[in-house]
Amino acid sequence: MINQSKILSAQPKTTFCKYATEEIYITDLTRRSQGTANPRSVVVSPSQPIFYGQSVDSVLLHNSTHLDIEFGLFDDYEYEDFVSHDNIEHCEGCFYIADNVNWVTFFEIKDCDEKNILNYKTKAITQIANVVKDFKNRALLSSEAILGIISFPRKHTAFNDTIFGDIIDYTNLKKQTGITYFATNEIFVVNADIVTPIVN
């Protein structure tokens, strides 16, 4: 079963936080904070972040049963592959129910303008797949269901079909990677066994 100590043994610069609140926000502040006195990357919080007086579009997790959800945020610049020992392109992080892991969700946030969504599709898929492959090579994953969430927080209408509209490509991607991908900014954590991305 995946846990904090296993991830740290593989990627020691990973940072962790845990929340059991009804709403949890995952926010990429990298682009918005460039050139400021307080540059930030990905943050997780129980309320929508306010940055320089404005609320920031985020990924929203609904956690109505107040389960303990643990987040592991990978280092921005260093993620060493188990096989090659090279730094690889990687996603932002992962989350799971602490101490009762039946699923693990890996996520990548693209804080880009709406018109550029398709430009980042392949890169986001690859970033998640790289980390899942590395976790498997390190035996960090066992029988957990694996989800991959690609988020474009500035997009305020459904976009899953824009990213994964070709059912044949989508099915082949799942077979090749073992990952069930979704493109969404909103997720329901139903219980310890079920997590449901909202795609429409």
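Being a predicted model, the structure only gives us computed values, none of them experimental. (Residues numbered from 1 in each chain as written. Predicted model: local features only at pLDDT ≥ 70, side-chain atom pairs only at ≥ 80, totals over all residues. Heavy atoms only, no water.)

1. What to know about the environment of K121
- Position of K121 among the secondary structure elements: in helix α3 (residues 121-137).
- Through-space distance from the C-alpha of K121 to that of H85 is 26 Å; in sequence the pair is 36 residues apart. (Helix = DSSP H or I, 4+ residues; strand = E, 2+ residues; numbered from the N terminus.)

2. Quick notes on the pattern of salt bridges
- Applying the stated rule across the entire model yields three salt bridges.
- Where E108 meets K110, a salt bridge forms, and the shortest distance between an N and an O atom there is 3.0 Å.
- You can call E108 buried: its relative accessible area is 4%.
- The partner of D134 in a salt bridge is R138, with the nearest N and O atoms 2.8 Å apart.
- When its relative accessible area of 0% is taken as the criterion, D134 is described as buried. (Salt bridge = Lys/Arg side-chain N within 4 Å of Asp/Glu carboxyl O. Buried < 20%, exposed > 50% of the residue type's maximum accessible area, 1.4 Å probe, protein only.)

3. Digging into the environment of A20
- Mapped onto the elements, A20 comes out in the loop between β1 (15-19) and β2 (23-28).
- A residue is classified by how much of its surface remains accessible, and A20, at 26% relative accessible area, is partly exposed.
- As a C-alpha pair, A20 and T126 span 106 residues in sequence and 30 Å in three-dimensional space.
- Among all residues touching A20, those that are not within four sequence positions of it are N63, H66, L67 and D68. (Contact = heavy atoms within 4.5 Å.)

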